[in-house]
Amino acid sequence: ASDCCDPLARRAVEQNLQDAGCSAADVEHMLQLMEEGKTTELLQALKCQRCRLIEELHKKQQKVDCLDYLIYQLKKCACPGKSKCQDSAVEEKQG
């Protein structure tokens, strides 16, 4: 048996998969692949999980971008002459 399959290493891999957001079923599946020496399949499963995380990251980034835009708009409108801001808002509604 290789070092990666000893009980301590197995536990470390299991913890790493959990920390990476893998479901319990995915963790068990990947550990089974590791124990069976199915490296190609294991790598594919890990790449799939990575892609899911990247997708989530992009969705979260879009949400951050929306908030950044709103903050930008509010700061732009937080000018000393409040009436100017209110006038521009009225113009936008009329336009």
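Residues numbered from 1 in each chain as written. Predicted model: local features only at pLDDT ≥ 70, side-chain atom pairs only at ≥ 80, totals over all residues. Heavy atoms only, no water.

This paragraph deals with helix α2 (residues 24-35). With 12 residues, α2 extends 16 Å between its outermost C-alpha atoms, agreeing within 8% with the 16 Å of an ideal straight helix rising 1.5 Å per residue. Buried within α2 are the following residues: Val27, Met30, Leu31, Leu33 and Met34. Down the axis of α2, the smallest arc covering the buried residues is 160 degrees, so these residues share one side. Exposed and oriented more than 90 degrees from the buried face of α2 are Ala24 and Ala25. Count one or two residues on from α2 and you reach glycine 37, which has phi positive near 75 degrees. (Helix = DSSP H or I, 4+ residues; strand = E, 2+ residues; numbered from the N terminus. Expected span 1.5 Å × (residues − 1). Buried < 20%, exposed > 50% of the residue type's maximum accessible area, 1.4 Å probe, protein only. Arc of directions from axis to C-beta.)

Before going further, it helps to examine the layout of surface pockets. Of the voids in this model, the second largest pocket is the one considered here, and its volume is about 170 Å³. Lining the second largest pocket are 13 residues, with Asn16, Leu17, Ala20, Cys22 and Leu46 positioned closest to its centre. Of all elements in the fold, only α1 (7-19), α2 and α3 (39-77) reach the threshold of two or more residues within the lining of the second largest pocket. It is α3 that provides the largest number of residues to the lining of the second largest pocket, a total of 5 residues. Each residue belonging to the lining of the second largest pocket can be placed in one class, and the counts come to 10 nonpolar, 2 polar and 1 charged. (1 Å grid on protein atoms, 1.4 Å probe; cavity = no way out; pocket = protein on both sides within 12 Å on 5 of 7 lines; lining within 4 Å. Points joined across faces, edges and corners; volume = space filled by probe spheres on them. Nonpolar A, V, L, I, M, F, W, Y, C, P; charged D, E, K, R; others polar.)

On to the confidence of the model for the chain, then. Residues with a pLDDT of 70 or more make up 76% of the chain, whose mean pLDDT is 85. When pLDDT is averaged over each element of the chain, α2 comes out on top at 96 and helix α4 (residues 82-94) at the bottom at 54. (pLDDT = per-residue confidence, 0-100.)

With that settled, consider the state of the cysteines. As enumerated under the stated definition, the model contains 0 disulfides in all. Considering cysteine sulfurs only, cysteine 51 is the nearest to cysteine 48, which forms no disulfide, with 6.4 Å between them. When its relative accessible area of 32% is taken as the criterion, cysteine 48 is described as partly exposed. (Disulfide = S-S within 2.5 Å.)

In the structure shown here, the tally under the stated rule is 1 aromatic pair. When the centroid spacing of 6.5 Å and the interplanar angle of 35 degrees are considered together, the rings of tyrosine 69 and tyrosine 72 count as tilted. Separated by 3 residues within a single helix, tyrosine 69 and tyrosine 72 lie in helix α3, roughly one turn from each other. (Phe/Tyr/Trp six-rings, centres within 6.5 Å; stacked < 30°, edge-to-face > 60°.)

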